[in-house]
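Architecture at a glance
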Amino acid sequence: QLTGGHLMPVANPTIGCYIGFSFTLNTGAWILGTSTLGTGTILGDTYVTVYTNVGSDVRSVSVQRGKSRELGQYQAGRCSVVLDNRSRDYDPLNLSGPYVTGGVTDVKPGRLLYVTATDPTTGLVHRLFTGRIRNWTLDYTGVFDSVATIDCTDSMTELANTTLVDVATTATDMGAVAAELLVAAGVSNFGYDEAIFTAQAMTWNTKALTALRKIEVSEQGALYVEPSGDVRFTSNSALIAQGRSRNSQATFGSGNLTFEDIEIDYDSELILNDVALTRTGGVEQTVQDTESIDAYGQRSYEQTGLANGLDADVLSIANYIVNKYDDPEVRITGIKMHPRKHADLMTQALIRQIRDRVTVTFAPVGGGTAISQELFITGIGHRITAQAGMETSYQFEGTEWSHGWLLGTDALGTAELGL
C-alpha cells in the first residue's frame, strides 16, 4: 500500500507492521488490565507472542516519540496505523476472518505491535516503534472502502499505571536506583547509565512512573522508551560520555540534508531565575539570579521529594538550572523534512535517535549571518503515506551546557561531572 505517492528521487521505505494476534501467557508474568506483576516483562517476554506482518495492508503510519518542549518530560510514544479493511480481516465481528481462535476474535486491544521501515537505499531495516495496541477504530467510507485504525502507546503507559508498594531502593547512584525501580515494576528490557549523583535509600509507595520521574529530576537525566521497546534511563553525564551526544552526527540544512520548515523560539518560557529544590529529609536549597529577576520578572521553579543523598548535590542542581535558564536564548526548536528528496536524507531520517547531537544551519531571507546551532534531538515524528510520501520532524533542545560542570559549584570547567 505504501508504494505510491509523488514522483521523487527516493521511494517510500517499506513498512512492516507486526501484530501479536496470538500468544501464550507466561506464568507469573504481568497480567494485562491489572496491577499484578510477576517475573515477566511489560513489553518483552511477558507473552510468547506469534507476530503477523500486516504491512501489505498498511495505508499510513504515524509515530511520535520524545518531548515537544525543552522543559517538558519525555512522554509515552504514540503510533497510529491505518489498515485497509475492505476484506474485514480487522473487523472483530467477522468471525470467519484470519485472526480468530476457537470462534473468538484475536483483533483486540492490548495486543503487542511493532513497526519497521526498510531503507529503500541501503536495505537496512529500522525499528520505528514498539508498543501495545490501545484501541481499534473501524471506519466505512461509502459502500466501497473500509479502514481500521490502530492506536498504540509504548511501555511508558504501563509504568504510569503500575503501582509500587513498599518497594525499597538502596543508597547508590541514580542509574542503579532507576534499574531497581524498573525491575520492581516488572520491566526487564531496559538500559541505564552510571549516574553522577548518589541517591539515598528510600521506600516507594507510588506509581512506577512517578518514582522514576523523581530519579530523573534528581539526576537531571532523561527517561524515555526506545523504538525497540526498551526503557532507557540516561544519566546526567551521558551527554558528554556517549559519542553520539558529544559529537554532532549530521548537519541538516547543508548538502543533501535539506529541510522545509524550521521553528525558532525566543520567548520567556525558558527563563528560570528562582529555583527551590528539596530532597527527602533535606533542607530547601534556593538559588536566585537577581539581575535576571530585575530584567524579566521572577520566574520560579520548585521541586520537592528529590532522591538525592546530599543537600550539596541538590544545591549543585539548582545552580545548574539557574545558570542555564537565567537569560532567554534564540533557539532552533524543530525542523520538518521530506526524506524522499535524497537517499542521504532518507538514511539520516531513519537512523537518528533521541539524544543524538546534530547541527542545524539556516540562512534566513534578507541576508546577514546564517544561523548554525548544535542541538540534541528530543522528539522524533514520522508520517508515511502512499499519497503524501514521508515527512519526518525533530524537536530540539540546546547543547550549550553539555560540556562540563564542576560539581558543587555554578562554574563550568573540565571536570565534566555533569551537564
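The structure we're discussing is the one just above.
Here's what I pulled together on the structure shown here. (Residues numbered from 1 in each chain as written. Predicted model: local features only at pLDDT ≥ 70, side-chain atom pairs only at ≥ 80, totals over all residues. Heavy atoms only, no water.)

With that settled, the discussion passes to a negative patch on the surface. On the surface, Glu291, Asp294, Asp327 and Glu329 cluster together into a patch of negative charge. Its place among the elements puts Asp294 in helix H6 (residues 290-296). (Patch = residues over 30% accessible without salt bridge, like charges linked within 9 Å, V, L, I, M, F, W, Y side chains within 5 Å. Areas by Shrake-Rupley, 256 points an atom, 1.4 Å probe, with all protein chains shown as cover. Salt bridge = Lys/Arg side-chain N within 4 Å of Asp/Glu carboxyl O. Lys, Arg positive; Asp, Glu negative; His and termini not counted. Charge placed at Lys NZ, Arg CZ, Asp CG, Glu CD. Helix = DSSP H or I, 4+ residues; strand = E, 2+ residues; numbered from the N terminus.)

Before going further, it helps to examine the side chain of Asn273. Assignment of secondary structure puts Asn273 in the loop between strand E16 (261-265) and strand E17 (274-279). Ignoring any residue separated from it by four or fewer positions in sequence, one finds Asn273 in contact with Val287, Gln288, Asp289, Ser292, Ile293, Gly297, Gln298, Arg299 and Val322. (Contact = heavy atoms within 4.5 Å.)

We now examine the sheet that holds E17. Read from one edge of the open sheet, 3 strands run E18-E17-E19, paired in mixed fashion. One side of each edge strand has no neighbouring strand; the edge strands of this open sheet are strand E18 (285-288) and strand E19 (300-306). Neighbour-to-neighbour, the strand axes of the sheet open up by a mean angle of 10 degrees, direction not taken into account. By the bridge criterion, 5 bridges tie E17 to E19 in an arrangement that is parallel. Counterpart to Leu277 in the pairing with E19 is Gln303. Lying over the sheet, helix H7 (residues 311-325) contacts E17, E18 and E19, oriented at roughly 155 degrees with respect to E17. (Pairing = 2+ DSSP bridges. Axes fitted to C-alpha atoms, helices over the stretch in contact; angles between N-to-C directions.)

Ordered in space as E11-E14-E13, the 3 strands form an open sheet in which the pairing is mixed. What marks the edges here is a single partner per strand, and that holds for strand E11 (190-192) and strand E13 (222-225). The mean inter-strand angle of the sheet, taken between neighbouring strand axes irrespective of direction, is 10 degrees. Note that E11 and strand E14 (residues 231-234) share 3 bridges and pair parallel. Within E14, the position partnered with Gly191 by the bridge is Arg232. Along the sheet, helix H2 (residues 174-184) contacts E11 and E14; its crossing angle with E11, the most-contacted strand, is approximately 165 degrees. Across the sheet, helix H3 (residues 208-219) touches E13 and E14, and the angle it forms with E13 is around 135 degrees.

In terms of nonpolar packing, the biggest core is built from 41 residues, with Leu159, Leu164, Leu181, Ile215, Leu277 and Ile321 touching the most fellow members. Here this core takes 7 residues from H7, the largest share from any one element. (Core = buried A, V, L, I, M, F, W, Y, C linked by side-chain atoms within 4.5 Å. Buried < 20%, exposed > 50% of the residue type's maximum accessible area, 1.4 Å probe, protein only.)

Now for the pattern of salt bridges. Within the structure shown, the criterion is met by 21 salt bridges. Between Arg88 and Asp91 there is a salt bridge whose closest N-O contact spans 2.9 Å.

Of all 7 residues making up strand E20 (residues 331-337), 6 are buried, and the element is well covered by its neighbours. Relative to E20, E16 runs antiparallel, the two being bridged by 5 bridges. In the sheet register, Asp265 faces E20, and the bridge partner there is Arg331. Bridge count between E20 and strand E23 (residues 389-398): 4 bridges; the pairing is antiparallel. Residue pairing in the sheet places Met337 in a bridge with Thr392 of E23.

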